[in-house]
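Each chain, written out:
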Amino acid sequence: MLSRLVLLSASSLKGSGPIGAGVVQATRCLRTSSQSLAPVPPLPEEGGKVRHGIFPEEFFQLLYPKTGVTGPYMLGTGLLCYLLSKEIYIVNHETIYALTIGGIIVYCVKKFGPGFAEFADKIYEDQLAKAEAAKESSISILAKSIEAEKKEQWRVEGRGLLFDTKRNNVAMLLETNMRERLHMVTNEVKRRLDYQIALQNLHRRMQQEHMINWVEKGVISSITPQQEKESIAKCIADLKALAKTSQAQAAA
């Protein structure tokens, strides 16, 4: 409600010249000061030192340089006497009730305070242990996440090498395919050339056989029966001469 009133007043002062603008600027500075952005200091785990159960130690330390050691006590005694003498505080039955209740409270604090403090400390330690366990678990999970992220980054860095290897494999496959096709073409050409050579050899052999048969037929057809008889007789005579020569060599 107060903030709305401040905004309304600032909007009304905004159009009232330089004074209104200065007030608006001051309001903005107060609302967005650096103190509002300051971090909140952590709460102390233990309370400060006190004397006589209720008086803080800082009060005595504040008065020591000016009043000495007895200064705080004299200040308290004088203040109590002033209140009683001027009847600012009147002692009646309520005072007795207050002293009685205060004594009961002091007795309960002295009697049950340590046990309750131990119980509260145990609960606090349990909560702190749970919070610490949750913190360690979160830290371990985050550490694993960081390691996994680093591993993924390492994999991403090695992806270039993987792609280069795949490119080399593809190039090798293309080269192998090309060489296989060249080998297939070479074999096919060699097979056809071998076929042509075999065909030429066949033609040559057939021509030679035909020539031999033609010459043989010509020779046979040119021999007369009389020349055949003379040739046979000549062969027989030669065989007989060879037989006699072989027998003479055997006898010798």
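What this report covers is the structure whose coordinates are included nearby. (Residues numbered from 1 in each chain as written. Predicted model: local features only at pLDDT ≥ 70, side-chain atom pairs only at ≥ 80, totals over all residues. Heavy atoms only, no water.)

Further remarks concern the overall build of the protein. Looking only at helices and strands, the protein has six helices and two strands in total. Listed N to C, the secondary structure of the protein is α-α-β-β-α-α-α-α in terms of helices and strands. Considering only intrachain contacts with a sequence separation of at least 6, the fraction spanning at least 24 residues in the protein is 7%. When the accessible surface of the protein is split by element, carbon and sulfur atoms take 66% of a total near 23,000 Å². (Helix = DSSP H or I, 4+ residues; strand = E, 2+ residues; numbered from the N terminus. Contact = heavy atoms within 4.5 Å. Areas by Shrake-Rupley, 256 points an atom, 1.4 Å probe, with all protein chains shown as cover.)

Where helix α3 (residues 57-67) meets helix α4 (residues 71-85), the closest approach of the two axes is 8 Å, and the angle between their N-to-C directions is 100°. The orientation of α3 relative to α4 falls into the category roughly perpendicular. Seen from α3, the contacting residues are F59, F60, L63, Y64 and T67; seen from α4, they are G71, P72, Y73 and L75. Split by residue class, the contact of α3 with α4 holds seven nonpolar, two polar and no charged. (Axes fitted to C-alpha atoms, helices over the stretch in contact; angles between N-to-C directions. Parallel < 35°, antiparallel > 145°, perpendicular 65-115°, else oblique. Nonpolar A, V, L, I, M, F, W, Y, C, P; charged D, E, K, R; others polar.)

What follows deals with the side chain of E57. Inspection of the secondary structure puts E57 in helix α3. Looking at E57, the relative accessible area reads 17%, which means it is buried. Looking at E57, its side chain comes within polar contact range of the side chain of R51, at 2.9 Å. (Buried < 20%, exposed > 50% of the residue type's maximum accessible area, 1.4 Å probe, protein only. Polar contact = N/O pair within 3.5 Å; in protein donor to acceptor, adjacent residues only side chain to side chain.)

Right, let's talk about a negative patch on the surface for a bit. Side chains of E46, E118, D121, E125 and D126 sit close together on the surface and give a patch of like negative charge. Tracing the chain through its elements places E125 in helix α5 (residues 93-222). (Patch = residues over 30% accessible without salt bridge, like charges linked within 9 Å, V, L, I, M, F, W, Y side chains within 5 Å. Salt bridge = Lys/Arg side-chain N within 4 Å of Asp/Glu carboxyl O. Lys, Arg positive; Asp, Glu negative; His and termini not counted. Charge placed at Lys NZ, Arg CZ, Asp CG, Glu CD.)

With that out of the way, let us pick up the packing of aromatic side chains. Under the counting rule described, the total for this entry stands at two aromatic pairs. Measuring from ring centre to ring centre gives 5.7 Å for F59 and F60, while their planes differ by 80°; the resulting arrangement is edge-to-face. A residue is classified by how much of its surface remains accessible, and F59, at 34% relative accessible area, is partly exposed. The class of F60 is buried, set by a relative accessible area of 3%. Consider the rings of F60 and Y73, whose centres lie 5.6 Å apart with planes at 45°: the pair is tilted. Of the two residues, F60 sits in helix α3 while Y73 sits in helix α4, which places them 13 residues apart along the sequence. Among the aromatic residues, those joined into a cluster by ring pairs are F59, F60 and Y73. Directly above the aromatic system of F60 lies the positively charged group of R51, at a separation of 4.6 Å from the ring centroid. (Phe/Tyr/Trp six-rings, centres within 6.5 Å; stacked < 30°, edge-to-face > 60°. Lys NZ or Arg CZ within 6 Å of the ring centre and 35° of its normal.)

Distances and angles like these do not, on their own, reveal function.
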